[in-house]
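# Structural overview
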Amino acid sequence: MNKVLLAGGLLFLPALLVAQRGGGQFPGGTNPDGSLRPSAPVSRPFTQDAYTEYALLEPGSESFRIRFLPEETRAGATELVNATRGGSEGSGVEVYDPRTGKPLKFTYEQQGNDPENHAIRATLPMPVPEGGIGRVLIYKTYKDPRTYMMNGDDIVWVRSLSGYRLGVILPAKFAFISSNVAAQLTTTADGRLKLAFANPSGQANPVTIHARKTTAVFPPSKFDDMFFDDVKTLYDLDAPETGRVAVEQTYSDYRKGERARLDSLAYLPLQDLKVVDLDTAKPLVATKDGAAMFAKLEVPITDDKQSAHLKITGTLKEGYAVSSGELVFQRTLKGLRNTVLLPKGWEVSGVSQSGTIGTERSSGRAFVALINLNAENSYAVTIRARKAN
C-alpha cells in the first residue's frame, strides 16, 4: 500500500530518498559542537503545500484544535499517515474528503512500542491519479501542557512549527500581549483573533504567543486570510528568441456553486488554455460568461468542508526580453507564491523582491521563488539574468 508520513504538517521522506536528493551529503541540522551543517541546495520550485491551523481551546484545558490540509502527489498512493507529535495527546479525530465534504475511513492507533507515538491512517478518496493530487482534510485535538499553559490569568502558547502556511486562533475574549512572528492579524466570524502567516523556509520555526483576557469586542475582519490561500504560479521561460512563457497555476476554490470562476485569467491572458481537476486529473471545460471565465465542476461545492482543486495552464506571448545580453523578466505578480524558471544556461543576477534562488534538479535550470508576505495581493517584480559562457 502506497503511503506518505506526515507529522505536524511536515513531510518525512524515507532516508534513501533523502540521500538520493543530496540530503546524505548535506543533511542540515547541527554538529555535536553546535555548529551548523549545510543543508542540500534548494531544488524544489515551491515549498510544501500543507496548511495547518491551531485554534486554542478554553484556558486551562492545555488543548488546541488543529485543522490540517495535507497533499500527496505520488501517482497510485492510497493512504496518508499523519503522526501525532511525541508528548501531544491526540483525540477528536475527524477526516474528510475535501472534494465532496464526506467523511473518510481512518484509524488512529499507537505506532511501535512507544505509547506516546500515535498516527492517523487516512484512506484517500481514490488512488492518486497520474497528473493529479490526493488531498484529505483532518481535524484533531492535541492536549500538550508543554505547548499551551497558563501564566496567572494569561495564556502562553509555544510550539516549533515546521509547516509552510499557518494560522493560530486565540480563545474568545482574549487579546495578544505579544507574538514573536511577523503575521497578518485577522478576526474570525465569531470574533476571535487569528494570526495568519507563512514560514517560507519550511524548517522549524519557534513561535511564542502571550495573550490576556479582554473586554474588547472584535468585529470580523473585512479582508481575507491570504496565507490560507494555496495559489501558486509557475512562470516557465522558454528560449529567449521566442519570448514565450508557459504558465502553470494551481489553487483551491472554496466558493459555493457548480462552477469555479477562473479569476486569474483576468491578469493572465493565456493562449492554449487548459483546466484540470487535480482531484481526478480530468480536464474541465472552460466557458465565458460575460467578461469572466468559468469551469463547470463535476461535484458542486455546497459544504464548508468542500473545495475544488484546479490547475490552469497556458502560454503568455509576452513576458520577458533580452537586451544587450541581459535577460529581463518584469511583471506584476499576484498571490502568495510565484516562481520564475529561467531558460537553461542563464544565471540570476538581480531580483527586486524577496525570494529564494534554486536550481531545478532534473534540468539544471535556475529559478527564483518569490513569497509575498505582505497583505497586498499584487506586487511588481523585476528579475535579471546573464547567460553563462
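Just so you know, these numbers come straight off a predicted model, no measurement behind them.

### Here's the deal with the environment of Lys232
Here Lys232 is to be found in strand β19 (residues 232–237). We classify Lys232 as buried; its relative accessible area is 16%. Remark: the alpha-carbon pair of Lys232 and Met150, spanning 82 residues in sequence, is separated by 39 Å. If we skip the residues at most four places from it in the chain, Lys232 touches Phe46, Asp49, Glu248, Gln249, Thr250 and Arg337. Of note is the side chain of Lys232, whose polar atom sits 3.0 Å from the side chain of Asp49.

### Describing the pairing of strand β14 (residues 165–169)
Of all the five residues making up β14, five are buried; the element is thus mostly covered by neighbouring parts of the structure. Burial of the side chains of β14 extends over both faces: Arg165, Gly167 and Ile169 are buried on one face and Leu166 and Val168 on the other. Sheet analysis places strand β3 (residues 51–56) next to β14, joined by five bridges and oriented parallel. Paired with Thr52 across the strands is Leu166, a residue of β14.

### Some thoughts on the side chain of Asp230
Here Asp230 lies in the loop between β18 (205–213) and β19. Of the side chains with opposite charge, Arg165 lies nearest to the buried Asp230, which makes no salt bridge, at 4.8 Å. In terms of polar contacts, Asp230 uses its side chain to reach the side chain of Ser252, at 2.7 Å. In contact with Asp230, not counting residues within four places along its chain, are Glu71, Arg165, Thr250, Tyr251, Ser252, His309 and Arg337.

### A look at the sheet that holds strand β25 (residues 292–301)
A sheet is described by the order of its strands in space; here three strands give the open sequence β21-β25-β24, paired in antiparallel fashion. Where the open sheet ends on each side, the last strands, each with one partner, are β21 (257–261) and β24 (286–289). Ignoring strand direction, the axes of neighbouring strands in this sheet form an average angle of 45°. Examined bridge by bridge, β24 and β25 share four bridges and lie antiparallel to one another. Within β25, the position partnered with Thr287 by the bridge is Phe294.

Procedures and definitions
Residues numbered from 1 in each chain as written. Predicted model: local features only at pLDDT ≥ 70, side-chain atom pairs only at ≥ 80, totals over all residues. Heavy atoms only, no water. Helix = DSSP H or I, 4+ residues; strand = E, 2+ residues; numbered from the N terminus. Buried < 20%, exposed > 50% of the residue type's maximum accessible area, 1.4 Å probe, protein only. Contact = heavy atoms within 4.5 Å. Polar contact = N/O pair within 3.5 Å; in protein donor to acceptor, adjacent residues only side chain to side chain. Pairing = 2+ DSSP bridges. Lys, Arg positive; Asp, Glu negative; His and termini not counted. Salt bridge = Lys/Arg side-chain N within 4 Å of Asp/Glu carboxyl O. Axes fitted to C-alpha atoms, helices over the stretch in contact; angles between N-to-C directions.

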